[in-house]
Amino acid sequence: MGESPALSDSERVFEDLVRAAHDHGPIEALELADRYARALGLTRVNVHLVDLQQRVLVPLVTGPELDVDSTLAGEAYRFESMRLAEGESGLNLWLPLMNGSDRMGVLHVVAGALDRPTLHRCRTLAALLSLIINSQRAHSDTYLRRIRKRNVDLRTEMLRAFLPPRSVGTERGVSTAVLEPAYGVGGDAYDHSITRDVLHATILDAMGHDLASGLTAAVAMAGARNARRSGAGLAQLTGNVGAALSEWLPDQFCTGVFSTLDLAGGVFSWINCGHPAPLLIRRQELVGGALDRPAEPPLGLGLEEGRSHTLHQIQLEPGDQILMYTDGVVEARDSHGEMFGLERFVEFIIRATAGDERTPETLRRLIQDIRDYQQGHFTDDATIMLIQWCPTTRFHGDESVFGGV
């Protein structure tokens, strides 16, 4: 057997970064990444994570905060693609940091010159730092303290500990969700997960706006996950949630939609428990009443024993979108008392889809529009979940400045 090829300088740097992630804290590992920049042919690197409301990009080591809507760094985040500009210190390169389909922030790279090998190393570095950050942020308060602009209350702390990333998915389908008020969640919650060829998605709205409502949503999410991870179908899962609420919080209840999407065949299945009906958007039009079905009672009313929940199904077409929401979205009111309304809500999604906008960006802009509509004051939680089935859509990767390198 011949000798194995020697490691290149860049390969050694990436190996050292992985070791540093195990041996150092979050910030120390990123500081080491900046020190290794010259070995990669770079001048400087820095990481910015998006804040809780997706309005600013916050530096993890040094530098100013950057507005998502008005900066080149923000463009890289919004469009999930690389941005390049000349600066006093050299070329400024911004690359999105992704956890699967979930946007975490951007990597800022300063380089004296940019050729194909250097660009490849920058992309590899962005992918590696994304993995490092994602592996550490679940058990490190460092990242949370950076992305929070103010303290959250106790119920919000509890619920946010349960929430999954804002987006999950593959090239065949994606689920994206947003929730406000970011720092004072009452009883809304969402959950989504992928198990092989199935996308699971849940939206919940617990009664009240106090700690008990937060507990209700948390128990409902735990009941759904416990059943799902045991291989239960939707009917059994829904019954499990209701039974858990009746046993542990007999004075509380919640509404919700529990659903699955078969990513291979496009069959959408759901059970609606006292919640606003999901909406179907097809070819940039709302298909009126497509998912309207008689709703089950809310969960937690003590009606679970011996009850059989009705499962509904519909065959989707490629590109179809399923829109789920809580009533705080359409019932948001401006200073004159006028509601945001279902028509305005759906029209926003349709316009964005017509412009070929990515669903995470659509919901980011939409929830900000709803926040601005009521002058930043939420009288009720507002949660939006958008699911899209796209089996024929090619993976949406970065466009290269070198024409697809």
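Each chain has its residues counted from 1, following the order in which its sequence is written. Only residues with pLDDT of at least 70 get local features here, since the model is predicted, and only at 80 or more are side-chain atom pairs given and counted; chain-wide, interface and lining totals rely on the full set of residues. Water and hydrogen atoms play no part in the side-chain values, which are based on all heavy atoms of the structure.

A. Looking closely at the UniProt feature "domain: PPM-type phosphatase" (unreviewed entry) in the protein. UniProt positions are given in the numbering used here, feature names are shortened, and annotations may be inferred rather than shown by experiment. According to UniProt, the positions carrying the feature "domain: PPM-type phosphatase" (unreviewed entry) are residues 170-389. Across residues 170-389 one finds 30% helix and 30% strand; the C-alpha atoms that close the span lie 10 Å apart. Secondary structure is summarised from DSSP: a helix means a run of H or I of at least four residues, a strand means a run of E of at least two, and numbering begins at the N terminus for each.

B. Spatial organisation of helix α10 (residues 342-354). The length a helix should cover is 1.5 Å for every residue beyond the first. In this model, α10 (13 residues) spans 18 Å end to end at C-alpha, consistent with the 18 Å of a helix rising 1.5 Å per residue. Whether a residue is buried, partly exposed or exposed follows from its accessible area with a 1.4 Å probe, protein chains only, as a fraction of its type maximum: under 20%, in between, or over 50%, in that order. Turning to α10, its buried residues are Phe-345, Val-346, Phe-348, Ile-349, Ile-350 and Ala-352. Looking one or two places after α10, you find Asp-356, whose phi comes out positive at around 60 degrees.

C. Fine view of the side chain of Gln-252. Turning to its location among the elements, Gln-252 is positioned in the loop between α8 (234-248) and β11 (254-262). At 3.3 Å, the side chain of Gln-252 and the side chain of Thr-216 are in polar contact. Here Gln-252 is in contact with Met-207, Ala-212, Ser-213, Thr-216, Leu-299 and Gly-300, once residues within four sequence places are set aside. In protein, a polar contact requires one atom able to donate a hydrogen and another able to accept it; more generally it is a pair of N or O atoms within 3.5 Å, and residues adjacent in sequence count only if both atoms are side-chain atoms. The contact criterion used is simple: two residues touch if any of their non-hydrogen atoms lie within 4.5 Å.

D. The arrangement of the environment of Arg-282 in detail. When you line up the elements, Arg-282 lands in strand β13 (residues 279-282). The spacing of Arg-282 and Val-109 is 173 residues in sequence and 40 Å in space, taken between C-alpha atoms. Every residue in contact with Arg-282, bar those within four places of it in the chain, is listed here: Val-287, Gln-315, Leu-316, Glu-317 and Asp-320.

E. Region of the structure containing unusual backbone geometry. Following Glu-180, the chain continues to Pro-181 via a peptide bond in cis, the omega torsion being 0 degrees. With respect to the helices and strands, Pro-181 occurs in the loop between β8 (173-180) and β9 (188-195). Positive phi, normally seen in glycine, also occurs at Arg-283, with a value near 50 degrees. Here Arg-283 shows up in the loop between β13 and β14 (285-286). Among the residues examined, Arg-283 registers a relative accessible area of 63% and is labelled exposed.

F. Representation of the sheet that holds β8. A strand pair is defined by DSSP finding two or more bridges across the two strands. Spatially, β7-β8-β17-β16-β13-β14 is the arrangement adopted by the six strands of the open sheet, whose pairing is antiparallel. The open sheet is flanked by β7 (167-170) and β14, the only strands paired with a single partner. Across the face of the sheet, α10 comes into contact with β13, β14, β16 (321-325) and β17 (382-389) while running at roughly 145 degrees to β16. The axes are straight lines fitted to the C-alpha atoms, using for helices just the contacting stretch, and the angles between their N-to-C directions are given from 0 to 180°. Sheet strands touched by helix α11 (residues 359-373): β7, β8, β16 and β17. Its angle to β8, the strand with the most contacts, is close to 20 degrees.

G. Examining the environment of Thr-216 more closely. Relative to the helices and strands, Thr-216 is located in helix α7 (residues 211-229). For the pair Thr-216 and Gly-300, spaced 84 residues apart in sequence, the C-alpha to C-alpha distance is 9.0 Å. Those residues in contact with Thr-216 that sit more than four places away from it in its chain are Ala-206, Leu-245, Leu-249, Gln-252, Phe-253 and Cys-254.

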